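Take a look at the letters that make up each chain.
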Amino acid sequence: MVTFVPEIACKKPIMRKITNEELGRPSPEEYAAMAKMPVAVVLDNVRSMQNVGAFFRTGDAFAVERLLLCGITATPPNRDIHKTALGAEQTVAWSYHASTLECVRELLAEGYEVWAVEQVEGSVSLERFGPRPDRRYALVFGNEVAGVGQEVVDLCHGAIEIPQAGVKHSINVSVSGGVVLWRFFEKLKMKD
């Protein structure tokens, strides 16, 4: 058993919590006008409205270009989405598409590089994926049970996989969104 013993000579830094007023949050109008990360997020038949709300909130935090809600994925206005999104469903651009397949075809025609976030043969591990600022990306996140549909995976440029060490080898879809979008935000140097 390892016991942590703090250094006696080490001074702890002052860690005063920052107030909401000090955070420098943009207004909804300023947010709408600011530069966005060149990333669109596609939700392929995500069934949990809390997961959808979490994607809105994460999308707002990392300034994603837009969310594309497909198939059975619920859309705002919705109380359960709002419960998790906390109003981000009003700041992040979004659209609904009946078919994920057709949505991805449209993104490809618009010049997006489309990547599934999925465990597939030949996937690229997230830490090895290097997004480039001169490209536009669409990231497809799948259903909580079935993942990204195979026919959608087949249209993608490739798949990004989050390395994992546990028994489950499964992360909640909205948590996966946070992990992957942070990596893109960091690599694309969206905030210095």
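It should be noted that the structure appears before, not after, this text.
Summary of the structure given here. From a predicted model like this one, the values you see are computed outputs, not experimental measurements.

## Details of the packing of helix α2 (residues 49–61) against helix α6 (residues 173–187)
Then comes step 1: Between α2 and α6, the shortest axis-to-axis distance is 9 Å and the interhelical angle comes to 15 degrees. By the angle between their directions, the pair α2 and α6 is classed as roughly parallel. Judged by the sense of rotation from one axis to the other, the crossing of α2 with α6 is right-handed. Counting all contacts with α2, which are made through Asn51, Ala54, Phe55, Thr58 and Ala61, the residues of α6 involved are Val173, Ser174, Gly177, Gly178, Leu181 and Phe185.
Then comes step 2: Along the lines of polarity and charge, the residues of the contact of α2 with α6 split into six nonpolar, five polar and no charged.

## Some details on helix α4 (residues 100–109)
Then comes step 1: Among all positions in α4, only Thr100, Cys103, Val104 and Leu107 are buried. Buried residues in α4, looked at end-on, bunch into an arc of 95 degrees, giving them a common side.
Then comes step 2: Those residues of α4 that are buried lie in contact with β1 (37–44), β2 (64–70), β3 (94–97), β4 (113–117), β6 (137–142) and α5 (150–155).
Then comes step 3: N-cap assignment for α4: the residue whose side-chain oxygen lies 3.3 Å from the backbone N of Leu101 is Ser99.
Then comes step 4: Directly after α4, the chain includes Gly111, whose backbone phi takes a positive value near 95 degrees.

## Describing the packing of aromatic side chains
Then comes step 1: In this structure the tally under the stated criterion is eight aromatic pairs.
Then comes step 2: Both rings, one in Phe55 and one in Phe141, keep their centres 5.0 Å apart while their planes meet at 55 degrees; by these two values the pair is tilted. A residue pair is termed long-range when its members are at least 10 positions apart, and Phe55 in helix α2 and Phe141 in strand β6 qualify at 86 residues.
Then comes step 3: Since its relative accessible area comes to 1%, Phe55 is described here as buried.
Then comes step 4: Residue Phe141 is classed as buried on the basis of its relative accessible area, which comes to 1%.
Then comes step 5: Ring geometry for Phe129 and Tyr137: centres 6.0 Å apart, planes at 75 degrees, overall edge-to-face.
Then comes step 6: Grouped by ring-pair contacts, the aromatic residues Trp115, Phe129, Tyr137 and Phe184 constitute a single cluster.

## Considerations on α2
Then comes step 1: For α2, spanning 13 residues, the distance from its first C-alpha to its last is 18 Å, which sits close to the expected 18 Å at 1.5 Å a residue.
Then comes step 2: If you check the start of α2, you find a side-chain oxygen 3.2 Å away from the backbone N of Gln50, and it comes from Ser48.
Then comes step 3: Just downstream of α2, Ala63 is the residue with a positive phi angle, here 50 degrees.

## Some points on the pattern of salt bridges
Opposite charge on two side chains lets them pair, provided their charged atoms get close.
Then comes step 1: For the structure shown, the criterion picks out nine salt bridges.
Then comes step 2: Notably, a salt bridge pairs Lys83 with Asp80, separated by 3.5 Å at the nearest N-O pair. Separated by three residues within a single helix, Lys83 and Asp80 lie in helix α3 (residues 79–85), roughly one turn from each other.
Then comes step 3: A relative accessible area of 22% places Asp80 in the partly exposed class.
Then comes step 4: A cluster of three or more residues bridged by salt bridges with shared partners is formed by Glu65, Arg66, Glu110 and Arg136.

## What about the environment of Ala138?
Then comes step 1: For Ala138, the location among the structural elements is in strand β6.
Then comes step 2: Along the chain, Ala138 and Ala40 lie 98 residues apart, while their C-alpha atoms are 4.6 Å from each other.
Then comes step 3: Excluding its chain neighbours within four sequence positions, the residues that come into contact with Ala138 are Ala40, Leu107, Tyr112, Glu113, Val114 and Trp115.

## Some thoughts on the side chain of His97
Then comes step 1: Along the chain, His97 falls in strand β3.
Then comes step 2: On the basis of relative accessible area, His97 is assigned to the buried category, the value being 15%.

## Some thoughts on the environment of His82
Then comes step 1: Assignment of secondary structure puts His82 in helix α3.
Then comes step 2: Sequence separation of His82 and Tyr31 is 51 residues, and the distance between their C-alpha atoms is 19 Å.
Then comes step 3: Apart from the residues within four sequence positions on either side, His82 is in contact with Gly87 and Glu89.

What counts as what
- Residues numbered from 1 in each chain as written.
- Predicted model: local features only at pLDDT ≥ 70, side-chain atom pairs only at ≥ 80, totals over all residues.
- Heavy atoms only, no water.
- Axes fitted to C-alpha atoms, helices over the stretch in contact; angles between N-to-C directions.
- Helix = DSSP H or I, 4+ residues; strand = E, 2+ residues; numbered from the N terminus.
- Parallel < 35°, antiparallel > 145°, perpendicular 65-115°, else oblique.
- Left-handed = near helix turned anticlockwise from the far one by under 90°.
- Contact = heavy atoms within 4.5 Å.
- Nonpolar A, V, L, I, M, F, W, Y, C, P; charged D, E, K, R; others polar.
- Buried < 20%, exposed > 50% of the residue type's maximum accessible area, 1.4 Å probe, protein only.
- Arc of directions from axis to C-beta.
- Polar contact = N/O pair within 3.5 Å; in protein donor to acceptor, adjacent residues only side chain to side chain.
- Phe/Tyr/Trp six-rings, centres within 6.5 Å; stacked < 30°, edge-to-face > 60°.
- Expected span 1.5 Å × (residues − 1).
- Salt bridge = Lys/Arg side-chain N within 4 Å of Asp/Glu carboxyl O.

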